[in-house]
Amino acid sequence: MQLKFLGTGTSQGVPVIGCHCEVCTSADPKDRRFRSSVLITTDSAKKILVDCGPDFRLQMLDNKEEQIDAVLLTHEHNDHIIGLDDLRPLIFKNRKNIDIYARKRVGDEVRNRFPYAFAEVKYPGAPSFNLHDMTGNFSLFSTEIFPIEVMHGSISIDGFRFKKLAYLTDASFISDYEKEQLQNLDYLIVNCIRKEVSHPAHFILPDVISLYKELKPKKMFLTHISHHMDVYKKMEKELPAGIHLAYDGLVLDF
């Protein structure tokens, strides 16, 4: 299997509009970050998209991707779902609805924000979604998917584990029970919004370093990164061995 980072930035993306800091003005492509999303390629060559934010169209074009077989949603915030309308070309090309898997609360928000996708009489050119309520572990394209519940501030959201890789974004707390599902990982991908100054809804660098020491994955990659994290080249030198910044376009085989 393979995971490709389509985006590794926060809800504002990097560079931030109107900002002239070192990160936002960096010429290094690894410092330019679309909103967070990953694409999983299964052993059967099926493509599973995790989250579909406002940069989805450009992410697909930049990566020369043209196939999505299903979508998993971590939660309902705009930077994770508002790009769903841009699935239309793939829906039209394949002449079938796209399957979206999410907990019921998130699915209800998809219905609220894209009512035209569920209308009995659809506007010509409207997308068509099949919503599936996630209630636990499930199999998709012969791939076992394990939702991991984490807290994002005051709301409960989902990360996902595939084989020995886990993808967690927008987390600020992980229970001991869920940490049991994160043992013996080859890759732990987790959000890290900035180096310092605590955040009410996201891990910061000291949090993820502690998590790395506790869970001991072979490698940890940080995502959902803001312009407050310093440029990629500096951070790679500062981070403890085994922890790396992810960047848009990075591919992990697992």
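Starting afresh in each chain, residues are numbered from 1 along the sequence in its written order. In keeping with the predicted nature of the model, local features appear solely for residues at pLDDT of at least 70, side-chain atom pairs appear and are counted solely at 80 or more, and the whole-chain, interface and lining totals rest on all residues. Hydrogen atoms and water are omitted, and side-chain values are computed over all heavy atoms in the structure.

Draft legend 1. Broad picture of the overall build of the chain. Within the chain one finds seven helices and 14 strands. This radius of gyration counts C-alpha atoms alone. The globule rule is 2.2 Å times how many residues there are, raised to the power 0.38. Its C-alpha radius of gyration of 18 Å places the chain within 12% of the 18 Å reference for a compact globule of 254 residues. Principal axes of the C-alpha set define a box for the chain whose edges measure 55 × 40 × 35 Å. In this scheme, a residue with accessible area under 20% of its type's maximum is buried, one over 50% is exposed, and one in between is partly exposed, where area comes from a 1.4 Å probe on protein chains only. A buried classification covers 54% of the 254 residues belonging to the chain. Helix and strand labels come from DSSP, where a helix needs a run of H or I of at least four residues and a strand needs a run of E of at least two; each type is numbered from the N terminus.

Draft legend 2. Molecular detail of unusual backbone geometry. The amide bond that connects V14 to the next residue, P15, takes the cis arrangement and shows omega of 5°. One non-glycine residue with positive phi stands out, namely A45, at about 70°. Its place among the elements puts A45 in the loop between β2 (37-41) and β3 (47-50). Positive phi, close to 60°, is recorded for S142, a residue that is not glycine. In this structure S142 comes out as exposed when scored by relative accessible area, which is 76%.

Draft legend 3. Just helix α4 (residues 104-113), in detail. For α4, the full list of buried residues reads V106, G107 and V110. In a view along the axis of α4, the buried residues occupy a sector of 100°, so they form one face of it. For α4, exposure combined with an orientation more than 90 degrees from the buried face picks out K104 and N112. Residues count as neighbours in contact if any of their non-hydrogen atoms are within 4.5 Å of one another. Lining the buried residues of α4 we find α2 (78-81), β5 (98-102) and β6 (129-133). Think of it as the arc spanned by the lines of direction from the helix axis to the C-beta atoms.

Draft legend 4. Representation of the side chain of K47 within the structure. Residue placement: K47 occurs in strand β3. We call two N or O atoms a polar contact when they sit within 3.5 Å, provided that within protein one can donate a hydrogen and the other can accept it, with sequence-adjacent residues counted only if both atoms are side-chain atoms. Polar contacts involving the side chain of K47 include one to the side chain of E65, which spans 3.3 Å. Residues within four places of K47 in sequence aside, it is in contact with L39, I40, T41, E65, Q67, I68, D69 and A70.

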